Amino acid sequence: MAPTIASTCPLDCADACGILVEVGDDGELLRLKGDPRHGHSRGTLCGKTMLYDELRSSDERVRHPLVRKGGRLERASWDEALDVVCERVARLRPADILALWYGGTMGLVQRKFPLRAMHALGATFHDGGVCDAAGQEGYASVLGRCIGPDIEEVERCDLVGLWGCDAARTVQHIQAPLRRAQQAGAGSFVVDIWRTDTMKDVEARGGEGFVVRPGSDAMLCLALARLAFERGAVDASRARTECLGFDEFEAHARSGHDLAACERATGLAPERVSRLFELLSRARSPFIKSGIGWTRRRNGAMGMRALASLCAILGHAERLHYESWEHFQLPEDWIMRPDLRPASAPLAHTSQVGLGRTLEDGAFGAAFVWCHNPAVVLPDSNRVRSGLARDDLFVVVHEQVMTDTARLADVVLPATVFLEHHDVYRSFGHRRLQRARPALAPSGEARSNVQAFAAIARRLGLPPECHEVDDERLCEDFVARCAGRMTDEQLERVRAGEPVKLDPLAWRDRGTPSGRVELSSDACRAAGQPALASWTPDDACGDQRGHWLVLAPSVHTHNSTYSHSARHRQKAGRPRVHLHPAELERLGLAVGARARLSNAHGSVVLEAAADDSMPRDCARIDGLPRGEDLVEGVGANALVAGQVSDLGGGNVQYSTMVDVAPA
């Protein structure tokens, strides 16, 4: 019988599915399948991860170090590559070195260990910003710790609501329990800006879909709050005890936000708003799942604040799920070791969302990139690419495949994939922890993040804590340091490689400044925002155009990862822009014709596709096409401004408008 090794899907996805890796006698991968012991994914994998070996064995896999010589990346030895890194970096001031990482793998050890070397170097870090910053800030400003209900309770709830959550493309493993809840009689609804496959599926099973205008979520929530006060759905005595600023919020909600104003802002008819209110107000044990993407707006944090405030006054503060990462409370600083930072180089951050302009303006002399593809995934990507290509910026990329970013590097170091290294995983959606071990030998000369950055640290003469380490020992020691978060029995199961659900912690308060739900927030006021959740229209970054750009998740690829698998690309097909058929006719575009999307930041040309699920004022691109897949040699993020959200310094990807015309 082929050996089977338990692991976790490492991709930047809340499901963090349990995987069983079957390996042949020759040490080659036979197949991946779901781990039935995993209480969230329950033995199933998405179609993306089922084909992970297509990426591992891709022709685009980086298998040997590469060094730029005479303008070309040429094969080199590890020693030669490390010599070049040491020579170029050793002469720089600490603040001129940029640590540029993100969510290419969600494994805690492999993702975060390189920060030891970066701290010891005194490097500048970025502030996050790209994915969930606005939503986190909005959620935390009202409800405190980002934990929410246990996602495995979905099928036991009497109402399941998906707010800006395209589950079919993002958190796919919530779909089966949602269907079981519907079969048991639970209500269900979806709020989104287009009729997603998720919405259609929920509607087909008796649920309801509500399509709102882009960026209007706060108005809808405040209108629902007004109805709650007017129709006696609020337990004022309880809410005054639990919530700071309850009376101010009630007066605020009642002062405007009537159904007529709501219809003007959201496009929802009054009877549809009333219907959504009925669903929410009648529920006793709802599960409201907020997506992440819908908060990537100029008013994204405000939208989340309004949703959190609505849930709080209805008595559902504990029923809103955004992320679960604060459930774990693991000693992750031990991996990163900020104590190794020299006193002469205090930690400084730069905006990741605004990195394109920062780099183009000449900041930094070197950038270390791992678990990241900034040339594709960061906004304002024309500037990002221009900045990374500067002659005076030395770029080191540790990568699994030849991404757009790797092609701009001065040194490319080959990285292992999750099947080839040790790691420890926690989800940001469910509550399970897993210790994973390698199932396969590294491809070519690939080294893990730990091994690669330990080698760099040794060459640069950094403290021994940065290089006298190995992957397995680090993972074992980290799990041992997590022992206080688990029972002895749970600890042994984690050490054995099982996915283990950690028990909830008992908290003395919510983690807000007051310890209560904060409907009124002094912290938001100090940050220049209204103290109460308020309706502020999305200003599209000041670039008003004919269509809102919807950069939707792809059914077939994940972030930019599977864009480097030929089979995944084949399944996804050529990059397209999806428009309502009536818009295609109005614009004089035939299906399959070339359409140009343009704004003040750039333009891209894609094939036009008809999709009557799209509102007429929206244009959708699925996934993040690589630059080489488009005529201009840049991806769709060339259209996105490098501006930030209302709170958190977050990405404003969905505040993008474009003009569409025949190319």
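Structure: above.
Model, not experiment: these values are computed from the prediction.

Chemist: An account of the overall build of the chain is needed here, citing residue identities and associated values.
Modeler: Secondary structure assignment for the chain yields 25 helices and 27 strands. Principal-axis analysis of the C-alpha atoms gives the chain an extent of 70 × 65 × 55 Å. Expressed as a percentage of contacts within the chain between residues at least 6 apart in sequence, the contacts between residues at least 24 apart total 76%. Carbon and sulfur atoms make up 47% of the accessible area of the chain, which amounts to about 23700 Å² in all. Between the averaged position of the 80 positive side-chain charges in the chain and that of its 89 negative side-chain charges there is a distance of 1 Å.

Chemist: So what about the sheet that holds strand β1 (residues 4-8)? Which residues, and what values?
Modeler: Strand order in the open sheet formed by 3 strands is β1-β2-β3, and the pairing between neighbours is antiparallel. Since the sheet does not close on itself, it has two edges, and those belong to β1 and β3 (29-34), each with one partner. Taking the axes of each pair of neighbouring strands and ignoring which way they run, one obtains an average angle of 25° across the sheet.

Chemist: Break down the state of the cysteines for me, citing the residues and quoting the values.
Modeler: Using the criterion set out here, one finds 0 disulfides in the structure. Note on cysteine 46: no disulfide assigned, nearest cysteine sulfur contributed by cysteine 9 at a separation of 6.3 Å. On the accessibility criterion, cysteine 46 (16% relative accessible area) is buried. Here cysteine 541 stays unpaired: no disulfide links it, and the sulfur of cysteine 618, its closest cysteine neighbor, is 15 Å away.

Chemist: Run through helix α7 (residues 175-183), naming residues and quoting values.
Modeler: Along an α-helix, residues three or four apart share an orientation, since each turn contains 3.6 residues. Turning to α7, its buried residues are Gln175, Pro177, Leu178, Ala181 and Gln182. In an axial view of α7, the angular spread of the buried residues amounts to 165°, which keeps them on one side of the axis. Each element contacted by the buried residues of α7 is listed here: β8 (159-163), β9 (187-192) and α8 (197-204). Looking at the residues trailing α7, positive phi occurs at glycine 185, about 105°.

Chemist: Go over the side chain of glutamate 518 with me, naming the residues and quoting the values.
Modeler: In this structure, glutamate 518 sits in strand β21 (residues 517-518). For glutamate 518, which is buried and forms no salt bridge, the nearest opposite charge comes from arginine 516, at a distance of 7.9 Å. Excluding residues that lie within four positions of it along the chain, glutamate 518 makes contacts with Ser141, Val142, Leu244, Thr512 and Pro513.

Chemist: If you had to explain the layout of surface pockets to someone new, which residues and values would you point to?
Modeler: Here the largest pocket defines a volume of roughly 770 Å³. Lining the largest pocket are 30 residues; nearest its centre among them are Trp101, Arg111, Lys112, Gly128 and Gln136. Mapped onto the lining of the largest pocket, the elements with two or more residues apiece are α4 (108-112), α5 (114-121), β7 (124-126), α6 (133-143) and α15 (333-336). A per-class count over the lining of the largest pocket returns 13 nonpolar, 8 polar and 9 charged.

Chemist: Describe unusual backbone geometry, with residues and values.
Modeler: Its identity as a non-glycine residue notwithstanding, alanine 16 has a phi of 40°, on the positive side. Considering the arrangement of structural elements, one finds alanine 16 in the loop between β1 and β2 (18-23). Positive phi values are uncommon outside glycine, yet arginine 42 reaches one of about 50°. One can find arginine 42 in the loop between β3 and α1 (47-50). Under the relative-accessibility criterion, arginine 42 is labelled partly exposed at 43%.

Chemist: Report on the pairing of β2, specifying residues and quantitative values.
Modeler: Taken across its 6 residues, β2 has 6 buried, putting it largely inside the fold. Here β2 shows a buried face lined by Gly18, Leu20 and Glu22 and a second buried face lined by Ile19, Val21 and Val23. Bridge analysis of β1 against β2 gives 5 bridges, and the strand direction is antiparallel. Across the sheet, the residue bridging to alanine 6 is leucine 20, located in β2. Note that β2 and β3 share 5 bridges and pair antiparallel.

Chemist: How would you sum up empty space enclosed by the protein? Please name residues and give values.
Modeler: Tallying each qualifying case throughout the model produces 7 cavities of 30 Å³ or more. What the second largest cavity holds in volume is close to 130 Å³. Forming the walls of the second largest cavity are 14 residues, and the residues nearest its centre are Cys13, Cys46, Thr49, Thr170 and His558. A per-class count over the lining of the second largest cavity returns 6 nonpolar, 5 polar and 3 charged.

The rules we used
Residues numbered from 1 in each chain as written. Predicted model: local features only at pLDDT ≥ 70, side-chain atom pairs only at ≥ 80, totals over all residues. Heavy atoms only, no water. Helix = DSSP H or I, 4+ residues; strand = E, 2+ residues; numbered from the N terminus. Contact = heavy atoms within 4.5 Å. Areas by Shrake-Rupley, 256 points an atom, 1.4 Å probe, with all protein chains shown as cover. Lys, Arg positive; Asp, Glu negative; His and termini not counted. Charge placed at Lys NZ, Arg CZ, Asp CG, Glu CD. Pairing = 2+ DSSP bridges. Axes fitted to C-alpha atoms, helices over the stretch in contact; angles between N-to-C directions. Disulfide = S-S within 2.5 Å. Buried < 20%, exposed > 50% of the residue type's maximum accessible area, 1.4 Å probe, protein only. Arc of directions from axis to C-beta. Salt bridge = Lys/Arg side-chain N within 4 Å of Asp/Glu carboxyl O. 1 Å grid on protein atoms, 1.4 Å probe; cavity = no way out; pocket = protein on both sides within 12 Å on 5 of 7 lines; lining within 4 Å. Points joined across faces, edges and corners; volume = space filled by probe spheres on them. Nonpolar A, V, L, I, M, F, W, Y, C, P; charged D, E, K, R; others polar.

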